[in-house]
Amino acid sequence: MKYMPTVLPKDIDKYFYDRKKYIKQINTNLEMLELDIANQFLITGYRGVGKTALTKKIISNQPDKFLTTYVDISKIFAKKKGKPTEEEILKEILKKINKTLLKRENILKRTKDNILNSINKLKLKDYKFENNDSLLDIPLPDIEDNYDKLSEFVMELPQQIVDSNKNIKGYIIVIDEFQLIQYVENPEAFFWLIRSYTQEQYNVSYIFTGSASKTAEIINMINGQTGAFGGRMMQIDLKPFTKEETKTYIEKYSNNIRFNEEGFEQFYKCTRGIPAYINSFCNILPNNEICTPEILKNKLLLNTDQIAVIWLDVWGKLSENEKEIIKLLIDKKQLSWTELMNETGYSKATVSKYISLLNNKGIIEFSNKKYVLTDKMLKTWLKNKEKMEGQYPE
Ligand SMILES: Nc1ncnc2c1ncn2[C@@H]1O[C@H](COP(=O)(O)OP(=O)(O)OP(=O)(O)O)[C@@H](O)[C@H]1O
Ligand SMILES: [Mg+2]
């Protein structure tokens, strides 16, 4: 039976459709690592459009001469209550590099010696050993109050690994959900830190991706004119599937879902070509009849929770003020800065804070001098909830 996954499947290749143009563009630029040219990437796009799927697909299909590591910043968030620190992010990167190395342990003997050497050097200075962290079974130093040393060690490690292995020509590191870096104490300094190391590393490419709006401050912070990378990152906006792509995708991968013409138009209008919605919508559509707009409407209303599942978790984590702004935008469709202040009664600073948070999360965007909700499905889900349950979800 065919299946359209609503969470990322382990076997990416099996369910992955197309994106050839993006893969080619990114791979062409990654291949330059072998020529000592390290491109840096920033991949943006709507929630559920397939950023994680694309980056995982790309790194899982790299040749052996390139090492790859995937780091999901949201994992750090999930594990703790408060905000993560710069140290925790660096440690997570280190942990994931370690995982990569363990998979290739045989050929990385030299790396191990080298790492051991550099750790030993560090140890002579001001490090203590701690038992619970290790890299290739080498116990790692106690790094709590040695941020400078830790950052140097982690940031130099990928290049060091390439330099010590003649069979390894490059290192690719994906930082997913990078927008969460905004919550560390000094995100700007953190991006500058990464930038300063990448400048001297000719064989390490970073791919940053996450669901921030294109107009988000965090995008500016990393790659804007005055941002750390100052526009030098290759910025790629991953687009939803076009109508044609959506049609072909469903023909090829769905379990015989069919539409009449108006039905398909309606389906595309609802999902906007976003794979997360296409997959979850197709999963609840009947496969023994031709779907008409009426069938779609019914199914959508009865199953918004399932189709809008990507918002459940996001909504649950928003503050009351953020929810308030979203509800206002549902009612009024679009609001200017001043209108938002008048409608909420919040101070300038408060509006500014929550607008920025929502923008960085890809929930609202700034268009024609007004703020609007980025995703209609969020609106559909919330309105439907209100209708069925008499109030917006908690
Ligand atoms: N090219 C594709 N072919 C088939 N399915 C896809 C494709 N891209 C994404 N999907 C599916 O769509 C869903 C959402 O994809 P993914 O998690 O990669 O989106 P995202 O852009 O990373 O979302 P978020 O912003 O929430 O992190 C997943 O279930 C994934 O399997
Ligand atoms: Mg993702």
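The rules we used
- Residues numbered from 1 in each chain as written.
- Chains lettered and ligands numbered in written order.
- Predicted model: local features only at pLDDT ≥ 70, side-chain atom pairs only at ≥ 80, totals over all residues.
- Heavy atoms only, no water.
- Patch = residues over 30% accessible without salt bridge, like charges linked within 9 Å, V, L, I, M, F, W, Y side chains within 5 Å.
- Areas by Shrake-Rupley, 256 points an atom, 1.4 Å probe, with all protein chains shown as cover.
- Salt bridge = Lys/Arg side-chain N within 4 Å of Asp/Glu carboxyl O.
- Lys, Arg positive; Asp, Glu negative; His and termini not counted.
- Charge placed at Lys NZ, Arg CZ, Asp CG, Glu CD.
- Helix = DSSP H or I, 4+ residues; strand = E, 2+ residues; numbered from the N terminus.
- Buried < 20%, exposed > 50% of the residue type's maximum accessible area, 1.4 Å probe, protein only.
- Near = heavy atom within 4 Å.
- Polar contact = N/O pair within 3.5 Å; in protein donor to acceptor, adjacent residues only side chain to side chain.
- Nonpolar A, V, L, I, M, F, W, Y, C, P; charged D, E, K, R; others polar.
- pLDDT = per-residue confidence, 0-100.
- Contact = heavy atoms within 4.5 Å.
- Pairing = 2+ DSSP bridges.

1. A word on a negative patch on the surface
- Together, Asp 148, Glu 152, Glu 156 and Glu 200 make up a negatively charged patch on the protein surface.
- Mapping Glu 156 onto the fold places it in helix H7 (residues 147-163).
- What makes Glu 156 partly exposed here is its relative accessible area of 37%.

2. Thoughts on the site of ligand 1
- Inspection of the region around ligand 1 gives 24 residues, with Tyr 17, Gly 48, Lys 51, Thr 52 and Ala 53 positioned closest.
- One of the backbone N or O atoms of Ala 53 is found 2.7 Å from an oxygen atom in ligand 1.
- If ligand 1 stood free it would expose 630 Å²; the protein chains cover 91% of that surface.
- Elements that contribute at least two residues to the shell around ligand 1 include exactly helix H3 (51-60) and helix H12 (275-284).
- Residues of the shell around ligand 1, tallied by class, amount to 14 nonpolar, 6 polar and 4 charged.

3. Points about the confidence of the model for the protein chain
- Averaged over every residue, the pLDDT of the protein chain is 88; the share at 70 or more is 91%.
- Across the protein chain, element-level confidence peaks in helix H2 (residues 20-30) with a mean pLDDT of 98 and bottoms out in strand S3 (residues 128-135) with 54.
- Across residues 123-127, confidence stays below pLDDT 50; counting only partners more than four residues off in sequence or on other chains, it has 11 contacts.

4. As for the pairing of strand S5 (residues 170-176)
- The element S5 is extensively covered by neighbouring structure, given that 7 of its 7 residues are classed as buried.
- Neither face of S5 is open: one carries Gly 170, Ile 172, Val 174 and Asp 176, the other Tyr 171, Ile 173 and Ile 175, and all of them are buried.
- In this sheet, S5 lies alongside strand S2 (residues 66-72) in parallel orientation, the contact comprising 7 bridges. Its bridge partner being in S5, Thr 69 is matched across the sheet by Ile 173.
- Judged from the 6 bridges that link them, S5 and strand S6 (residues 204-209) form a sheet pairing that is parallel. Opposite Tyr 171, over in S6, you have Val 204 as the bridge partner.

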